[in-house]
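# Examining the three-dimensional arrangement
Below, each chain spelled out in residue letters.
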Amino acid sequence: MHTASDAFLEALTTAGVSYLFANFGSDHPAMLEALAAAAAAGRKVPELIICPGEMVGLSAAHGFAQATGHAQAVLVHVECGTQSLAGAIHNAAKGRIPVLIFAGASPFTQEGELPGSRNEFIHWIQDVFDQRGIVRGYVKYENEIRTGRNIAQLVGRALQIAHSDPRGPVYLVGPREVMEEAVPPVAFDPAVWSPVAPPALAPDEVPPLIDALARARRPLVVTSYLGRNPDAPDALVRLCRRLGIGVLESVPSCLNFPTDDPLYQGNQWNQPHQNPVLDAADVVLVIDSDVPWIPVVSRPRPDAAVYHIDVDPLKQQMPLWHIPARRTFRADAATALRQLDRHAAAMPLDAAAVAERTAHYAQLHDQRRRALAARERPAGDAITPEYLTACVRRHVDANTTVLSEGISSYHTICDHLGLTRPGSLLASGGGSLGWHGGAAIGVKLARPDHTVMTLAGDGCYMFSMPSVVHWMARRYQTPFLQVIYNNGGWKSPKLSMLALHPDGHASKAGDLGVGFAPASDYAGIAAAAGGAFARTVTRADELEAALDAALDAVRRERRCAVLDVVLPKL
Ligand SMILES: Cc1ncc(C[n+]2csc(CCOP(=O)(O)OP(=O)(O)O)c2C)c(N)n1
Ligand SMILES: [Mg+2]
């Protein structure tokens with residue numbers, strides 16, 4: 001007997017989906033039967049990863065897709081499980097993460113008319129008018145599976161949309177009767193459902209853009225996420241070196257450019273001041289960025305010529321968005337950069353001007369590095385975020401992936417980790433906190449030979465559902481190091497308040513409502529839930545030994561390690 005659920009699993013498998021991150025309910029008898037039937041017959045289906053929290057499951061699929069580019073499947077229970085995806089669906093949407101979410105739905109018959117008809121009280125309670133509406137604002141495509149007969153085609157269409165730029169989550173709903181339906185096998189060839197080919201710059205557009213960059217006195221690239229394609233940073237390096245273009249990262253959610261390259265000019269987040277490199281630029285090329293600058297604090301000069309390349313240049317998912325670009329291109333960053341570099345390679349360049357620009361940026365780069373090094377010294381016994389990040393840096397090797405959810409330490413982490421390899425740094429790309437725990441599991445599944453480290457705030461640790469994360473990490477053997485930047489609560493809302501009300505009541509309030517006293521034993525939560533190595537570190541001179549011991553637990557004992565590192569209070 002071949003059911004719609006068998007056909008669904010078969011289509012996922014044929015499409016190359018490796019994992020099913022699942023949280024089951026009364027909508028899934030056919031799916032559980034299909035999984036067990038496949039196991040009994042030795043038939044390959046996506047590996048089941050049980051997720052006791054949906055938000056963690058989707059975050060794991062998010063991390064896996066960041067590491068591989070491939071969508072995985074997340075299976076949830078009707079509208080309740082869909083709601084329990086919580087902010088992870090926001091993160092997948094904003095981070096442009098391909099992932100296929102499948103939810104069951106309450107049976108639509110109640111007198112036994114069809115196999116799967118209602119037989120539990122909850123089927124009345126969980127019947128809602130618009131289940132898909134819960135995620136409609138966050139997915140690129142949503143549909144109901146109405147028959148098992150074309151379920152493979154719907155999987156093909158959903159994955160094709162998820163993997164085509166701008167990428168994103170897709171959502172399919174299958175009611176119980178449909179998922180029980182006996183169906184004939186359907187031929188399914190994923191090759192004919194492949195993602196849309198990367199869009200390039202129109203050939204006529206290349207020469208004027210290269211001309212503008214080559215003639216500029218201070219050309220600058222601003223980017224946030226071109227490094228999501230691991231081939232793009234190299235393409236950017238080649239073009240920038242050829243022309244002497246500086247690179248500024250704005251709110252980077254991945255590594256876009258090697259931070260040790262002399263053309264690298266740092267990263268800008270919420271720092272409340274004008275970025276001097278951006279201010280000096282006369283030609284600014286924005287590539288793949290949702291927030292290239294924050295106009296009220298930092299922006300290009302009014303006479304700077306701004307150009308914009310993005311797979312998603314209009315940001316149609318954002319109600320308010322604009323940068324004053326003279327020309328805007330919808331193109332894939334790596335493809336466009338290679339086109340630009342090929343054109344630049346074939347034209348005469350002013351070598352003296354290129355050398356002058358390169359030397360100018362190299363000198364600024366050097367100044368910046370020296371200033372950063374000075375900030376890494378510990379302040380007595382206290383552990384600063386800068387010192388902590390520098391200590392972590394010494395343990396990062398060529399096979400390490402770092403996940404950052406450092407929040408008020410985002411810029412410190414980018415600055416002091418000093419990473420150079422594409423793919424070595426990941427952030428959620430969204431704004432709903434708690435991504436890093438589940439994401440670490442997904443990244444470790446995708447890169448079993450890597451040391452996976454997460455650097456995250458104490459607030460983010462709590463948001464991540466650590467009991468679920470550490471239960472899963474032990475069960476599925478995905479050990480990682482989790483470093484908590486514990487500043488005693490939510491520093492960021494306090495900084496947001498001070499930016500608007502520097503001298504108001506809140507600035508003088510003793511208890512602002514953002515502190516976590518009395519603190520939990522954060523590391524102990526992970527030890528209880530998943531047998532993690534757990535240590536709290538309060539003094540600078542304890543940090544190195546604690547990192548050594550924690551990484552030994554991760555690399556040799558193959559269990560998670562949580563270091564709760566106590567920083568100066570917010
Ligand atoms: C799901 C969710 N809830 C609330 C917020 C609002 N928020 C933004 S930053 C922040 C504090 C995060 O605390 P922590 O991880 O300790 O970082 P810190 O600001 O202390 O560096 C909060 C609550 C959010 N972004 N997402
Ligand atoms: Mg904090």
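Below, the structure is looked at part by part.

Rules used throughout
- Residues numbered from 1 in each chain as written.
- Chains lettered and ligands numbered in written order.
- Predicted model: local features only at pLDDT ≥ 70, side-chain atom pairs only at ≥ 80, totals over all residues.
- Heavy atoms only, no water.
- Buried < 20%, exposed > 50% of the residue type's maximum accessible area, 1.4 Å probe, protein only.
- Helix = DSSP H or I, 4+ residues; strand = E, 2+ residues; numbered from the N terminus.
- Pairing = 2+ DSSP bridges.
- Axes fitted to C-alpha atoms, helices over the stretch in contact; angles between N-to-C directions.
- Parallel < 35°, antiparallel > 145°, perpendicular 65-115°, else oblique.
- Left-handed = near helix turned anticlockwise from the far one by under 90°.
- Contact = heavy atoms within 4.5 Å.
- Near = heavy atom within 4 Å.
- Polar contact = N/O pair within 3.5 Å; in protein donor to acceptor, adjacent residues only side chain to side chain.
- Areas by Shrake-Rupley, 256 points an atom, 1.4 Å probe, with all protein chains shown as cover.
- Donors = N, O, S within 2.8 Å, 3.2 Å for Na, K, Ca; no water.
- Salt bridge = Lys/Arg side-chain N within 4 Å of Asp/Glu carboxyl O.
- Phe/Tyr/Trp six-rings, centres within 6.5 Å; stacked < 30°, edge-to-face > 60°.
- Lys NZ or Arg CZ within 6 Å of the ring centre and 35° of its normal.
- 1 Å grid on protein atoms, 1.4 Å probe; cavity = no way out; pocket = protein on both sides within 12 Å on 5 of 7 lines; lining within 4 Å.
- Points joined across faces, edges and corners; volume = space filled by probe spheres on them.
- Nonpolar A, V, L, I, M, F, W, Y, C, P; charged D, E, K, R; others polar.
- Patch = residues over 30% accessible without salt bridge, like charges linked within 9 Å, V, L, I, M, F, W, Y side chains within 5 Å.
- Core = buried A, V, L, I, M, F, W, Y, C linked by side-chain atoms within 4.5 Å.

Moving on, we get to the pairing of strand β15 (residues 451-457). Most of β15 is tucked away, with seven of its seven residues classed as buried. Here β15 runs beside strand β16 (residues 481-486); their pairing, made up of five bridges, is parallel. Bridge assignment links Thr 454 to a residue of β16, and that residue is Gln 482.

Moving on, we get to the packing of helix α14 (residues 385-393) against helix α15 (residues 410-417). Interhelical geometry of α14 versus α15 gives an angle of 40° and a closest axis separation of 9 Å. If you check the angle between α14 and α15, you find them oblique. Remark: the crossing between α14 and α15 carries right-handed chirality. Each of Pro 385, Glu 386, Thr 389, Ala 390, Val 392 and Arg 393 in α14 lies in contact with α15, whose residues at this interface are Thr 412, Ile 413, His 416 and Leu 417.

Around ligand 1 there are 17 residues in total, and Ser 408, Asp 458, Gly 459, Lys 491 and Ser 492 lie nearest to it. Measuring from an oxygen atom of ligand 1, one finds a backbone N or O atom of Gly 459 at 2.7 Å. A distance of 2.9 Å separates an oxygen atom of ligand 1 from a polar atom in the side chain of Asn 487. Contact with the protein chains removes 76% of the 580 Å² of surface that ligand 1 exposes when unbound.

A separate point is the coordination of the magnesium ion (ligand 2). Each pair of donors in an ideal four-coordinate tetrahedral metal site encloses 109.5 degrees, whereas pairs in an ideal six-coordinate octahedral site enclose 90 or 180 degrees. Protein coordination of the magnesium ion (ligand 2) is provided by Asp 458 (OD), Asn 487 (OD1) and Gly 489 (O), with donor distances spanning 2.0 to 2.1 Å. Mapping the donors of the magnesium ion (ligand 2) onto the primary sequence yields the spacing D-x28-N-x1-G. The two residues Asn 487 and Gly 489 agree in class, both being buried.

Here we come to the pattern of salt bridges. Taken as a whole, this structure holds 26 salt bridges when the rule is applied. Of the charged contacts in the structure, one is a salt bridge between Arg 136 and Asp 130, with a shortest N-O distance of 3.0 Å. Notably, a salt bridge pairs Lys 315 with Asp 290, separated by 2.8 Å at the nearest N-O pair. Taken as a pair, Lys 315 in the loop between β11 (305-310) and β12 (327-330) and Asp 290 in the loop between β10 (283-287) and β11 lie far apart in primary sequence, 25 residues in all. Accessibility assignment for this pair places Lys 315 and Asp 290 in one class, buried. One salt-bridge network, in which partners are shared between bridges, spans Arg 96, Asp 290, Asp 310, Asp 312 and Lys 315.

Okay, the packing of aromatic side chains next. Under the counting rule described, the total for this entry stands at eight aromatic pairs. Ring geometry for Phe 8 versus Phe 102: centroids 4.7 Å apart, planes at 40°, classification tilted. Taken together, the residues Phe 8 in helix α1 (residues 4-14) and Phe 102 in strand β4 (residues 99-105) connect sequence positions 94 residues apart. One exposure class covers both Phe 8 and Phe 102, and it is buried. Both rings, one in Trp 471 and one in Tyr 476, keep their centres 6.5 Å apart while their planes meet at 80°; by these two values the pair is edge-to-face. Assessed through its relative accessible area of 29%, Trp 471 is described here as partly exposed. Pairwise contacts between aromatic rings join Tyr 19, Phe 21 and Phe 64 into one cluster. When the ring centre of Trp 124 is taken as origin, the NZ or CZ atom of Arg 118, which lies over that ring, is 5.2 Å away. Seen from the ring of Trp 321, Lys 315 lies directly overhead, with NZ or CZ sitting 5.4 Å from the centre.

Per the counting criterion, the structure on display carries two cavities of 30 Å³ or more. Taken as a whole, the largest cavity holds about 80 Å³ of empty space. Lining the largest cavity are Glu 249, Cys 254, Leu 255, Phe 257, Thr 259, Tyr 264, Ile 413, Cys 414, Leu 417, Leu 419 and Leu 425. With three residues, the top contributor of residues to the lining of the largest cavity is α15. Residues that form the lining of the largest cavity fall into these classes: nine nonpolar, one polar and one charged.

Relative to the elements of secondary structure, Ser 59 occurs in helix α3 (residues 54-68). Given the relative accessible area of 2%, Ser 59 is considered buried. Only 2.8 Å separates the side chain of Ser 59 from the backbone oxygen of Met 55, close enough to count as a polar contact. Not counting the four nearest positions on each side in its chain, Ser 59 is found in contact with Ala 88, Gly 434, Trp 435, Gly 438 and Ala 439.

Once that is clear, we can look at the sheet that holds strand β5 (residues 141-144). The parallel open sheet is built from six strands, whose spatial order is β2-β1-β3-β4-β6-β5. What marks the edges here is a single partner per strand, and that holds for β2 (47-50) and β5. Averaged over all pairs of adjacent strands, the angle between strand axes in this sheet comes to 20°, irrespective of strand direction. The pairing of β5 with strand β6 (residues 169-175) spans four bridges and is classified as parallel. In the sheet register, Asn 143 faces β6, and the bridge partner there is Leu 172.

Taken together, Phe 121, Trp 124 and Ile 125 make up a surface patch of nonpolar side chains, about 390 Å² in accessible area. Its location among the elements puts Ile 125 in helix α6 (residues 122-125).

Membership of the largest hydrophobic core comes to 50 residues, with the highest contact counts inside it found for Phe 21, Val 74 and Ile 101. Counting 49 residues, the second-largest nonpolar core is a separate cluster that includes Ile 210, Phe 257, Ala 281 and Ala 334.

A few words now on the sheet that holds β10. Pairing is parallel in the open sheet, where six strands are placed in the order β9-β8-β7-β10-β11-β12. In this open sheet, the two edge strands, each paired with only one partner strand, are β9 (264-268) and β12. In this sheet, adjacent strand axes meet at a mean angle of 20° when their direction is disregarded. Note that strand β7 (residues 219-223) and β10 share five bridges and pair parallel. Within β10, the position partnered with Val 221 by the bridge is Leu 285.

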